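Summary of structural features
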Amino acid sequence: YQIKGRGKNGYLQFTPEMHSGHSLRITLESDLRLALESGGDQFELHYQPQVSHRDARTVGMEALIRWHHPRLGLMAPDTFIPLAEETGMIVALGEWVLERALSQFADWREKGFTGLQLAVNLSPKEFDRADLPERLLRRLEAHAVPPDALDVEITENLLMKDAEKNIDMVKQLRNSGLRISIDDFGTRYSSLNYLRRFPINSIKIDQSFVRDLNAGNSNSTSIIHAISCIARSFGLRILAEGVETEAQRQLLSGLACDDMQGYLFSQPLPAAEFEAFLTSSAFPSRTSVN
Ligand code: C2E
Ligand code: MG
Ligand code: MG
Ligand code: MG
């Protein structure tokens, strides 16, 4: 790793090349291990709302991890998730994310914020574990969260490699009541065949398509239109990621997107701020609690 500087959000950024012998990488690796072994206090989840395009209602949230490194400061997931994946630490990290997210989500449900979906990202390594459905169900049960409130985000390449085994896993998860989304849809070696073979619930149109979306760019409009027609015909929910402007929101509404996520609605927020967002946003399903 080489440090590039601070990004626009104040996060530390690295150049993408990784030199396995590089001392910063080694430092990060042992720091990450220590952070995990010491109970995860250095990690924090931020939550970003997912909003229905029809009535601007918040329908769910995606949990996104951050790492408060003791010396390097706030680190975005792109700087340590790949490292965690390479070293296998992603499994323990994923456990931490799931536990933290579910206990927070259960807390919000108790406060009356019901009818929401919690989305978590799953790495291929976590998906490879045969006991994944059991572990997920055990955690859900421990927090009294119904399985259909959990939305598991996986990426397309997971569906492409080792398809038979993964089809089976997706089916098991679906049979347990969980929901499955395809993250960053359209960016990998997409084969429309897997839409037919995998019983998924939703696709998340990648933000690179949304970024190019403006009245002047008919290519992105065409791609999103094509994606949403296909997804619609499979009965899938369509969510657009990275919606930043009102113009994009309007164009996406016209392209049959169900839900949206992006800075236009909110950045990913620390739990307390997200709760304030929920409290102040249109929220018809909040039940009264005494
Ligand atoms: P992702 O799952 O595709 O998450 C969406 C990313 O887009 C997030 O970056 C989010 O902050 C960012 N984003 C949201 N709205 C906008 C917008 O309007 N404009 C722009 N430019 N960006 C927007 P983040 O939080 O840095 O996460 C990056 C990636 O790291 C995630 O991409 C996901 O693949 C991975 N990741 C994050 N948390 C976890 C985790 O707990 N476990 C695993 N396995 N991966 C995670
Ligand atoms: Mg995601
Ligand atoms: Mg994405
Ligand atoms: Mg991603």
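For the structure, check the block above.
Keep in mind that what you see is a predicted model, and the values were worked out from it rather than measured.

Let's shift gears to the site of ligand 1. Neighbouring residues of ligand 1: 24 residues in total, closest R66, N121, D183, E244 and Y263. In the environment of ligand 1, an oxygen atom lies 3.0 Å from a nitrogen or oxygen atom belonging to the side chain of E62. Between ligand 1 and R66 there is a distance of 2.9 Å, counted from an oxygen atom to a side-chain nitrogen or oxygen. Of all the elements in the fold, those that place two or more residues in the shell around ligand 1 are β4 (58-69), α2 (77-87), α3 (90-110) and β8 (179-185).

All right, on to the side chain of D183 then. Among the structural elements, D183 can be located in strand β8. Of the buried charged residues, D183 lacks a salt bridge, with K204 as the closest side chain of opposite charge at 4.4 Å. Apart from residues lying up to four places away in sequence, D183 is in contact with E62, N121, E153, I154, T155, E156, K204 and E241.

In this section: the pattern of salt bridges. Applying the stated criterion across every chain, the model contains 22 salt bridges. A salt bridge links E86 to R25; the shortest N-O distance between them is 2.8 Å. Taken together, the residues E86 in helix α2 and R25 in helix α1 (residues 23-37) connect sequence positions 61 residues apart. The class of E86 is partly exposed, set by a relative accessible area of 47%. Overall, R25 belongs to the buried group, its relative accessible area being 8%. D31 is the salt-bridge partner of R71, the closest N and O atoms lying 3.1 Å from each other. Linking R71 in the loop between β4 and β5 (73-75) with D31 in helix α1, this pair joins segments that are 40 residues apart in sequence. Residue classification places R71 among the exposed residues on the basis of a relative accessible area of 59%. A relative accessible area of 13% means that D31 is categorised as buried. Salt bridges here are not isolated pairs; linked through shared partners, they connect E95, E99, R129, D131, R135 and R139.

Right, let's get into the nonpolar core. Grouped together as the largest cluster of nonpolar side chains are 77 residues, with contacts concentrated most on L118, I154 and I203. Among the elements that take part in this core, α3 stands out by supplying 11 residues, more than any other.

The next thing to look at is the coordination of the magnesium ion (ligand 3). Within the protein, D183 (OD), D184 (OD), E241 (OE) and E241 (OE) serve as the donor atoms for the magnesium ion (ligand 3), at 2.0 to 2.4 Å. All donor residues of the magnesium ion (ligand 3) come from one chain, and their arrangement in sequence is D-D-x56-E. Here the magnesium ion (ligand 2) and the magnesium ion (ligand 3) are spaced 4.3 Å from one another, each receiving a donor from D183. The class of D183 is buried, set by a relative accessible area of 7%.

Glancing now at the pairing of strand β3 (residues 43-52). Of all 10 residues in β3, 9 are buried; the element is thus mostly enclosed. Taken together, the 9 bridges between β3 and β4 define a ladder with antiparallel strand orientation. Bridged to V51 within β4 is T58. Hairpin connection, β3 to β4: the antiparallel pair is bridged by 5 residues, and A56 has positive phi, about 60°. One ladder, built from 2 bridges, connects β3 with strand β12 (residues 269-270); its direction is antiparallel. Bridging from a neighbouring strand, Y47 pairs with L269 of β12.

About the criteria used
- Residues numbered from 1 in each chain as written.
- Chains lettered and ligands numbered in written order.
- Predicted model: local features only at pLDDT ≥ 70, side-chain atom pairs only at ≥ 80, totals over all residues.
- Heavy atoms only, no water.
- Near = heavy atom within 4 Å.
- Polar contact = N/O pair within 3.5 Å; in protein donor to acceptor, adjacent residues only side chain to side chain.
- Helix = DSSP H or I, 4+ residues; strand = E, 2+ residues; numbered from the N terminus.
- Buried < 20%, exposed > 50% of the residue type's maximum accessible area, 1.4 Å probe, protein only.
- Lys, Arg positive; Asp, Glu negative; His and termini not counted.
- Salt bridge = Lys/Arg side-chain N within 4 Å of Asp/Glu carboxyl O.
- Contact = heavy atoms within 4.5 Å.
- Core = buried A, V, L, I, M, F, W, Y, C linked by side-chain atoms within 4.5 Å.
- Donors = N, O, S within 2.8 Å, 3.2 Å for Na, K, Ca; no water.
- Pairing = 2+ DSSP bridges.

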